[in-house]
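Fold and contact review
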Amino acid sequence: MTTTLLDPTGERRSVERPAASRLPALAGKTVAVLDISKPRGDVFLDRMAELLAARGATVRRYTKPTFTKPAPIDLRRRIAEECDGVIEGLAD
Amino acid sequence: MVAPQLPDGLVAVVKRDCATCCLVVPVLGEIAARGRPLTVYTQDDPEFPETAAPRVDDRELVVSWHHRIETVPTLLRIENGVEVARTEGWSRPDWEALAEVSPLGATLPARRPGCGSLSVDPANSDDLRVRFEGERLKARRIELGDIEDEIETAFVRGWTDGLPVVPPTPARVLNMLDGTRRAPDEVIAIVPPDLVPVTVEKVAINAVMAGCKPEYLPVVLAAVKAACTDAFNMHGLLCTTFFSGPVLVVNGPIARDIGMNSGVNCMGQGNRANATIGRALQLVVRNVGGGVPGGIDRATFGGPGKHTFCFAEDEAGSPWEPLSVERGFAPGTSTVSLFPGHGPSAIVDQISRTPESLARSLAAKLRAVSHPKLVMGMGAMLVVSPEHARVFAAAGWTKARLRAELDALLMIDGSELARGAGGIDEGIPAAIAQGRKLPKFRDGDLAIVHAGGSAGMFSAIIEGWVSGERGSQLTTAEVVP
């Protein structure tokens, strides 16, 4: 006998979005460095900022209020408006 | 399916395979002979009863199901399409009153109980329910082939937490929905991490899979609501590398009504409600929200509590107000509280007989939550056992007193906490630690509840995750039917 089951999932498929085009070069570009507020993330990101500046990029620093939650939508929009690219420290 | 309308006048529902129905056949003839309009619906044999007309074949049980016939014979009076009276089985006075014919069945015994209607026969009722009520269910239907094993299918499709699940058939889900007054299509929360609106029906499907009984569903629904709040931050709790998951503490009469365990082995195996309610929440997060271990769940170790971690507070045996009352709910309100935690870990103290000594024991272990040199970052739930609570109760310590004493004992000198202190690099930055005492827990980050078996001079610590607005806060939702 055929059995019928009900789908327990959200019945959604993720939308496939193309990745943003890569920056051809860093010189003259504005790059966001996003600190997610993890301990010692600043150590890594400070060094990244130095290296980016040495390659001619303007660095803007941003901070998420807490690493436990997604970045607020306003922060994401600000970064998108003010910068050409973003580097985010994702973990410890 | 809309209930078919019954003709005005008298309506009898019968089946041949019922001695009482056979007994009343002459009575049906008497009613018709007195000129009363009578329609007979027969459940098993369209030729039965041979003497009655008009006779309607109800072998599909459409009329019997929709008009909730539980017993045959049932005699109904219909006026303007609406049922105004009903009697079940054979009772001469009731039939005479309803048919407005007297005498009736003078040669019969005065009363005979009827038989079960085929529409409520357990062998049929699930199928009938799916046939007649299945359209209430909106979830995608998945038809399995004859040789597909339904339990293996759930594994293959990624629906399980690693243990077998109960296959969510439409009949089981319809029965589960009996546990709540909410409509199946009501959206009760937006489930992270994929931010998917979840309906009561989808929660019911996952509750079936977890092994819940219908009466647990309101607790599961409340838990899903609480989990999917900004305060609880299920998204972060799921994604973290840390051990924690949602820990459910149930308060109020619902815990007793559905047979939850607040006593012996309450955090362990063996109680269906404890085991399946916590599991149902996890399955909702996994299946509806998309929170899959190794996917967005990046826990370094995780913990067995991520299958289920759910218990009831022992309110009856507690010297203190229950957690729900501390959280602002009226006594007697059923609630579920979610704490972001893992564990439990044990505090052994079999010697202390004074509250001062016992509080110091508890504080000594609480200091080690997350790390003895880390403070104000993570919370904890202290679960005080009956034998430990007795010590505080005998000395007249309220819960507030115990918390105040623990807070005082857990003010720690910064020199012990600084990075490098004690030869341990972990700790808090020297600039913060220098020259001051710091609290182990910030206000509101230490929850205290009462549970456990009556023997054992131990208490339990459920260690927390990042506390407060930065992380996840203890969150309570009322359980509503």
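These figures come from a predicted structure and were not determined experimentally.

Turning next to the sheet that holds strand S3 (residues 58–63) of chain A. Consider a sheet: its strands pair through backbone hydrogen bonds, and that pairing is either parallel or antiparallel. Residue and element names in this part refer to chain A. Strand order in the open sheet made by the three strands is S3-S2-S4, with parallel pairing throughout. Edge strands, defined here as strands with exactly one partner in the open sheet, are S3 and strand S4 (85–88). In this sheet, neighbouring strand axes are inclined to one another by 25° on average, regardless of whether the strands run parallel or antiparallel. The pairing of strand S2 (residues 30–35) with S4 spans four bridges and is parallel. Within S4, the position partnered with Val31 by the bridge is Gly85.

As a further point, take the pairing of strand S19 (residues 446–450) of chain B. All names here are of chain B. With five of its five residues buried, S19 lies for the most part within the structure. Of the two faces of S19, the one carrying Leu446, Ile448 and His450 and the one carrying Ala447 and Val449 are both buried. The sheet contact formed by strand S16 (residues 378–384) and S19 spans five bridges and is parallel. If you follow Ala380 over to S19, its bridge partner there is Leu446.

Once that is clear, we can look at helix H1 (residues 19–33) of chain B. All names here are of chain B. Its 15 residues give H1 an end-to-end C-alpha distance of 23 Å, which sits within 8% of 21 Å, the value for a rise of 1.5 Å per residue. The largest bend along H1 measures about 40° and falls at Val25, with the proline Pro26 one to four residues further on. Among all positions of H1, only Thr20, Cys21, Val24, Val27, Leu28 and Ile31 are buried. Looking one or two places after H1, you find Gly35, whose phi comes out positive at around 80°.

With that out of the way, let us pick up the sheet that holds strand S5 (residues 74–79) of chain B. Residue and element names in this part refer to chain B. Reading across from one edge, S3-S2-S1-S5-S6 is the order of the five strands in this open sheet, with mixed pairing throughout. Unpaired on one side and paired on the other, strand S3 (55–57) and strand S6 (82–88) mark the two borders of the sheet. On average, adjacent strands in this sheet sit at an angle of 25° to one another, irrespective of strand direction. Relative to S6, S5 runs antiparallel, the two sharing six bridges. Paired with Glu79 across the bridge in S6 is Val82. Packed onto the sheet, H1 meets strand S1 (9–14) and strand S2 (38–42) and runs at close to 155° relative to S2. Packing of helix H3 (residues 92–99) onto the sheet brings it into contact with S1, S5 and S6, and relative to S6 it is tilted by some 160°.

Accessible area lost when the parts come together is the quantity often used to give the size of an interface. What the domain assignment lists for chain B is domain 1 (9–132) and domain 2 (156–478). One C-alpha centre belongs to domain 1 of chain B, the other to domain 2 of chain B, and the line joining them spans 55 Å.

A few words on the interface of chain A and chain B. With 15 residues of chain A at the interface, the matching set in chain B holds 32 residues. When its residues are assigned to classes, the side of chain A that touches chain B shows four nonpolar, seven polar and four charged. Where strand S1 (residues 3–6) of chain A and strand S10 (residues 141–144) of chain B come together, four bridges link them in antiparallel fashion. Looking at the pairing, Leu5(A) lines up with Ile142(B) of S10(B).

Rules used in this analysis
Residues numbered from 1 in each chain as written. Chains lettered and ligands numbered in written order. Predicted model: local features only at pLDDT ≥ 70, side-chain atom pairs only at ≥ 80, totals over all residues. Pairing = 2+ DSSP bridges. Helix = DSSP H or I, 4+ residues; strand = E, 2+ residues; numbered from the N terminus. Axes fitted to C-alpha atoms, helices over the stretch in contact; angles between N-to-C directions. Buried ≥ 20, exposed ≤ 12 C-beta atoms within 10 Å, placed from the backbone. Expected span 1.5 Å × (residues − 1). Bend = angle between axes of the 7 residues up to and from the residue. Contact = placed C-beta atoms within 7 Å. Domains from an automatic or database assignment. Nonpolar A, V, L, I, M, F, W, Y, C, P; charged D, E, K, R; others polar.

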